[in-house]
Amino acid sequence: MRKVGRVTHFLCFGSIILRDLIEILKATGIQEPYHILEASFVPAGADGQLRLTIDKPDGVTIHDLALLTRKLSRNEELVEALGIEELRVDISSPGVTAD
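Okay, so let's go over this structure. (Residues numbered from 1 in each chain as written. Predicted model: local features only at pLDDT ≥ 70, side-chain atom pairs only at ≥ 80, totals over all residues. Heavy atoms only, no water.)

## Here we look at the overall build of the protein chain
As a reminder of what qualifies: Put simply, DSSP marks the helices as runs of H or I at least four residues long and the strands as runs of E at least two long, and each gets a number from the N terminus on. What makes two residues a contact is simply this: any of their non-hydrogen atoms within 4.5 Å. Only the protein chains shown count as cover for residues, with accessible areas throughout obtained via the Shrake-Rupley method and a probe of 1.4 Å.
What the protein chain contains, in helices and strands, is three helices and five strands. Helices and strands appear in the protein chain in the N-to-C order β-β-α-β-β-α-α-β. Sequence-distant contacts in the protein chain: of pairs separated by 6 or more residues, those separated by 24 or more amount to 56%. Summed over all atoms, the accessible surface of the protein chain reaches about 5,900 Å², with 52% contributed by carbon and sulfur.

## Some thoughts on the nonpolar core
Put simply, the rule reads: For our purposes a nonpolar core is just a set of buried Ala, Val, Leu, Ile, Met, Phe, Trp, Tyr and Cys residues, chained together by side-chain atoms within 4.5 Å. When a residue's accessible area, from a 1.4 Å probe over protein chains only, is under 20% of the maximum for its type it is buried; when over 50% it is exposed; and in between it is partly exposed.
In terms of nonpolar packing, the biggest core is built from 23 residues, with Leu25, Leu52, Leu78 and Leu87 touching the most fellow members. With four residues, the single largest contributor to this core is helix H1 (residues 18–27). For Leu78, the contacting residues outside a window of four places in its chain are Leu21, Ile24, Leu25, Leu50, Leu72 and Leu87.

## Digging into the pairing of strand E3 (residues 35–44)
Under the convention used in this document: For two strands to be treated as a pair, DSSP must find no fewer than two bridges joining them.
Relative to strand E4 (residues 47–55), E3 runs antiparallel, the two being bridged by nine bridges. Residue pairing for E4: Ile36 is matched across the bridge by Ile54. Between the end of E3 and the start of E4, which pair antiparallel, lie two residues, with Gly45 showing a positive phi angle near 70°.

## Re the environment of Ala98
Following the sequence through the fold, Ala98 ends up in the segment after strand E5 (86–92). With relative accessibility at 68%, the residue Ala98 sits in the exposed group. Each C-alpha atom of the pair Ala98 and Val60 lies 8.8 Å from the other, and the pair is 38 residues apart in sequence.

## Considerations on the pattern of salt bridges
Opposite charge on two side chains permits them to pair, given that their charged atoms come into close proximity. For clarity, the cut-off: Every case where a carboxyl oxygen of Asp or Glu lies within 4 Å of a side-chain nitrogen of Lys or Arg is listed as a salt bridge.
If you walk through the whole model with that rule in mind, you get one salt bridge. Measuring nitrogen to oxygen at the nearest pair gives 3.0 Å for the salt bridge that ties Lys56 to Asp64. Of the two residues, Lys56 and Asp64, both sit in the buried class.

Have a look at this one:
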């Protein structure tokens, strides 16, 4: 099930479902004013790739994307919850600005 604008997924990734992943993401840095529009996780052996599309009311900047990417890719709780050794994070936004 998917609800556009606010992510409502019920997909499984090993022992974690995406609904739980969204809660972990919110706890580790994707909080207000950010909104997760889409999320996917693709395991690849001992590694994995997390792809997020985010937005916020006044627009997402390149600085926001870089900050959140660093924050999530270094988050041990997230890596452990996903059951992987290394996490690659790709974050995008439909209206990213250079500011």
